[in-house]
Amino acid sequence: MHLKLSDAFKSHPVNLQLKHPDFNSLHELPDSYAWTNNDDHYPSFLTSFGADDSVPVINLSDTNVLKLTGHACKTWGVFQVTNHGIQQKLLDDIESAGKSLFSLPVQQKLKAARSPDGISGYGFARISSFFKKLMWSEGFTIVGSPVDHFRQLWPQDYDKFCNIIEEYEKEMKMLAGRLMWLMLGSLGISMEDIKWAGSKGEFKGASAALQLNSYPACPEPDRAMGLAAHTDSTLLTILYQSNTSGLQVLREGTGWVTVPPMPGALVINVGDLFHILSNGLYPSVLHRAVVNRTQHRLSVAYLFGPPASIQISPLSKLVGPSHPPLYRPISWNEYLGTKAKHFNKALSSVRLCAPLNSLVDVNDHNSVK
Ligand SMILES: C=C1C[C@]23C[C@@]1(O)CC[C@H]2[C@@]12CCC[C@@](C)(C(=O)O1)[C@H]2[C@@H]3C(=O)O
Ligand SMILES: O=C(O)CCC(=O)C(=O)O
Ligand SMILES: [Fe+2]
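All figures in this text were calculated on a predicted structure; none of them were measured in a lab.

Colleague: Let's hear about the overall build of the protein chain: which residues, and what values?
Modeller: For the protein chain, the helix and strand inventory stands at eight helices and 14 strands. Against the globule reference of 21 Å for 369 residues, the protein chain gives a C-alpha radius of gyration of 20 Å, in line with a compact fold. When the backbone C-alpha atoms are referred to their principal axes, the protein chain occupies close to 60 × 45 × 45 Å. Going through the 369 residues of the protein chain one by one, you find that 55% of them count as buried. Looking at the protein chain alone, contacts between residues at least 24 apart form 77% of all its contacts between residues at least 6 apart. Just so you have it, the protein chain exposes about 16,500 Å², and 54% of that area is on carbon and sulfur atoms. In the protein chain, the 33 positive side-chain charges and the 32 negative ones have mean positions that sit 4 Å from each other.

Right, dumping it as structure tokens:
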């Protein structure tokens, strides 16, 4: 059956509390938002202060870009890129569209609420259902045309916002394709190895979701959680975090490392599906967003994946007698359903054989508990 990405949660509906708080009216942290180490799957005491380990920054015009990308993917599963060709004006436009959306009255935003079995719309992050405490954030997911939802939000000028989203998605898709070939090229994979990328390798049928995240200033940031630790269920994610810090990645042996906002830079996460494609060579990065006392923070994630129903499995060039396939084939839709059911155990539920050194499997984040 030909499924669309928007069908992914039809069999995994999640009923999140629909009554959203008006964050601006909360002057102290309600107990329902106060996290202790027991509430998170990955404790905060792992935070590293002033670690000299920092997320790689790659200039996409560097002559050594292939090698740098391979090293960053293998050792971190995340990197920042500069010289990526996305105009600052477009980044500014998407940021102000996001700010305009989240500053609407709660009742207005709820008119575009995500339905329990839907993918698009306003609401808490889907993973909220796995936690007893609430996250100090709100989100808006766009898959396909946002016009119906935007008409609800801005009856007069929804068109202007639709155009910004369309332009942003077009540019992000091109950049995602470029990054895919860099990451694949660093593994020795070429166009003939990925048939679904199309004859020119343009990833025409690829699917994607655009996620706007808003983290209001928080009266007690040390006890709150913006977005709990997770890996992305994507091939790769392109994140724009503007100029406010909040994104942290978990580094083995070091702890939580802040990804510092750099003017105009974009953060690239290796996602779970790329981890599968690479037969475990590139880890999908575990990351979270923390909040702060004074500044509102907005981030925009472009979640890039394959066509919704094609099967993703370890690439045959990366499999051999001494490298058996570590994962069974799975489509993006099925994987999203698996994530909705098993959250941080989704990847291991798709795994075929236990890792040799199972205690230090980079992607078995459950072992960090
Ligand atoms: C395609 C998707 C990945 C995502 C779930 C979604 O359907 C759209 C939103 C994505 C997001 C963004 C915030 C963190 C996350 C874990 C979540 O709850 O929603 C991711 C999901 C994911 O990568 O699994
Ligand atoms: O806000 C951030 O920095 C992280 C957002 C994120 O992880 C996501 O949207 O998947
Ligand atoms: Fe994420």
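What follows picks up the thread again.
Colleague: For the packing of aromatic side chains, give the residues involved together with the corresponding values.
Modeller: Taken as a whole and assessed by the stated rule, the structure comprises 14 aromatic pairs. With a centroid separation of 5.0 Å and 85° between ring planes, the pair formed by phenylalanine 150 and tryptophan 154 is classed as edge-to-face. Residue tryptophan 154 is classed as buried on the basis of its relative accessible area, which comes to 8%. Connected via pairs of aromatic rings, a cluster forms that spans Trp181, Trp196, Phe203, Tyr302 and Phe304.

Colleague: Now, about the UniProt feature "domain: Fe2OG dioxygenase" (unreviewed entry) in the protein chain: what can you tell me, with residues and values included?
Modeller: The UniProt record annotates "domain: Fe2OG dioxygenase" (unreviewed entry) at residues 205-306. The span residues 205-306 carries 6% helix and 43% strand; its end-to-end C-alpha distance comes to 7 Å.

Colleague: Please set out the site of ligand 2 residue by residue, giving values where relevant.
Modeller: Surveying the vicinity of ligand 2 reveals 13 residues, the closest of which are Asn213, Tyr215, His287, Arg297 and Ser299. A distance of 2.9 Å separates an oxygen atom of ligand 2 from a polar side-chain atom of asparagine 213. One nitrogen or oxygen atom from the side chain of histidine 230 is found 3.2 Å from an oxygen atom belonging to ligand 2. Notes on ligand 2: free accessible area 300 Å², of which the protein chains cover 95%. Secondary structure elements with two or more residues in the shell around ligand 2: β5 (207-215), β6 (227-230), β11 (287-289) and β12 (297-305). Residue composition of the shell around ligand 2, by class: six nonpolar, five polar and two charged.

About the cut-offs
Residues numbered from 1 in each chain as written. Chains lettered and ligands numbered in written order. Predicted model: local features only at pLDDT ≥ 70, side-chain atom pairs only at ≥ 80, totals over all residues. Heavy atoms only, no water. Helix = DSSP H or I, 4+ residues; strand = E, 2+ residues; numbered from the N terminus. Rg over C-alpha atoms; globule rule 2.2 N^0.38 Å. Buried < 20%, exposed > 50% of the residue type's maximum accessible area, 1.4 Å probe, protein only. Contact = heavy atoms within 4.5 Å. Areas by Shrake-Rupley, 256 points an atom, 1.4 Å probe, with all protein chains shown as cover. Lys, Arg positive; Asp, Glu negative; His and termini not counted. Charge placed at Lys NZ, Arg CZ, Asp CG, Glu CD. Phe/Tyr/Trp six-rings, centres within 6.5 Å; stacked < 30°, edge-to-face > 60°. UniProt positions renumbered as here; feature names shortened; annotations may be inferred. Near = heavy atom within 4 Å. Polar contact = N/O pair within 3.5 Å; in protein donor to acceptor, adjacent residues only side chain to side chain. Nonpolar A, V, L, I, M, F, W, Y, C, P; charged D, E, K, R; others polar.

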